Amino acid sequence: AQTVTQSQPEMSVQEAETVTLSCTYDTSESNYYLFWYKQPPSRQMILVIRQEAYKQQNATENRFSVNFQKAAKSFSLKISDSQLGDTAMYFCAFMKPPYLYGGATNKLIFGTGTLLAVQP
Amino acid sequence: DAGVTQSPTHLIKTRGQQVTLRCSPKSGHDTVSWYQQALGQGPQFIFQYYEEEERQRGNFPDRFSGHQFPNYSSELNVNALLLGDSALYLCASSPTGIAEAFFGQGTRLTVV
């Protein structure tokens, strides 16, 4: 069974600074997907960034980038130039590839989250 | 594109009652998954529907059941409500064969 671990329950960063959120996972699969989701107080889970395990290049989305270390089963999120709107709960999640037959997407397995507070 | 929509946004029920939550997936998405998120925790997978059938199920009792309609919308039913069922229920939709999931704003269920 796959597990996702986020060891930082809370973090704080000053506006415009850089912060890194940690995530480790355990799986015997060779191909899979990893995600970072953001959940602000509005409750809606918003996709921040996605990484495919077979791609060696780290994913980047504007101010958000990941450090994917497949051998170490580590998947950290770096937020550059932090903004007040980045204040939220951040969840790391794992997904196996879609089924070959039927096309159904697999389930997400989430970590327990890291509460990030951006201070003015 | 309206995205994933869930109704209602908030609900208060009494122990022992039954509840139905509804989800309309993002346009073009045919897979719907339901998650339960207890306060301060990460979402836990309940089940997933694809082609109107339950395809995967998490570690939840039979009191939790669901349905998917031909237009891909879905319902989550919970019978014999317990206090411990109080949580945020999230619906996520995905397109065929694509490893992505888009979430609705959730339904906050309180059981008293």
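Predicted model only: the values in this text are computed from it and were never measured.

## Topic: the environment of Ser24 of chain B
Residue and element names in this part refer to chain B. By secondary structure assignment, the location of Ser24 is in strand 3 (residues 19-24). Residue class for Ser24 comes out partly exposed when judged on its relative accessible area of 33%. Along the primary structure Ser24 and Ser73 are separated by 49 residues, whereas in three dimensions their C-alpha atoms are 4.6 Å apart.

## Description of the nonpolar core
Counting 26 residues, the largest nonpolar core has Tyr25, Trp36, Phe75, Leu77 and Tyr90 of chain A as the members making the most contacts within it. Among the secondary structure elements, those contributing two or more residues to this core are strand 3 (19-21), strand 5 (33-39), strand 6 (46-52), strand 8 (64-69), strand 9 (74-79), strand 10 (88-95) and strand 12 (114-119) of chain A. The dominant element in this core, judged by the number of residues it contributes, is strand 10 of chain A, at 4 residues. Ignoring anything within four residues of it in the chain, the contact list for Tyr25 of chain A reads Thr3, Val4, Tyr32, Leu34, Phe68, Gln69, Lys70, Lys73, Ser74, Phe75 and Phe94 of chain A. Core analysis: the next-biggest nonpolar cluster, separate from the first, contains 20 residues, Trp34, Phe47, Tyr89 and Val111 of chain B among them.

## Section: the interface of chain B and chain A
Interfaces are often sized by the amount of accessible area the parts lose when they come together. Contacts between chain B and chain A engage 29 residues on the former and 23 residues on the latter. Between chain B and chain A the total buried area reaches about 2,100 Å² when both faces are included, carbon and sulfur atoms providing 53% of it. Across the chain B-chain A interface, the total number found is 10 residue pairs in polar contact (both at pLDDT 80 or more). Of the residues that constitute the side of chain B that touches chain A, the class distribution is 11 nonpolar, 16 polar and 2 charged.

## Observations regarding the state of the cysteines
Scanning all chains against the criterion turns up 2 disulfides over all chains. The residue that forms a disulfide with Cys23 of chain A is Cys92 of chain A, at a sulfur-sulfur distance of 2.0 Å. Between Cys23 of chain A and Cys92 of chain A, the S-S torsion sits near -70 degrees, and that sign places the bridge as left-handed. Pair noted here: Cys23 of chain A is in the loop between strand 3 and strand 4 (24-26) and Cys92 of chain A is in strand 10, with a separation of 69 residues, a long-range link. With respect to class, Cys23 of chain A is no different from Cys92 of chain A; both count as buried. Note on cysteine connectivity: Cys23 of chain B is disulfide-linked to Cys91 of chain B, with sulfurs 1.8 Å apart. Note on the Cys23 of chain B and Cys91 of chain B pair: the S-S dihedral is about -60 degrees, so by sign convention the disulfide is left-handed.

The rules we used
- Residues numbered from 1 in each chain as written.
- Chains lettered and ligands numbered in written order.
- Predicted model: local features only at pLDDT ≥ 70, side-chain atom pairs only at ≥ 80, totals over all residues.
- Heavy atoms only, no water.
- Helix = DSSP H or I, 4+ residues; strand = E, 2+ residues; numbered from the N terminus.
- Buried < 20%, exposed > 50% of the residue type's maximum accessible area, 1.4 Å probe, protein only.
- Core = buried A, V, L, I, M, F, W, Y, C linked by side-chain atoms within 4.5 Å.
- Contact = heavy atoms within 4.5 Å.
- Buried area = accessible area lost by both parts, 1.4 Å probe.
- Polar contact = N/O pair within 3.5 Å; in protein donor to acceptor, adjacent residues only side chain to side chain.
- Nonpolar A, V, L, I, M, F, W, Y, C, P; charged D, E, K, R; others polar.
- Disulfide = S-S within 2.5 Å.

Take it as geometry only, folks, not as evidence of what the structure does.
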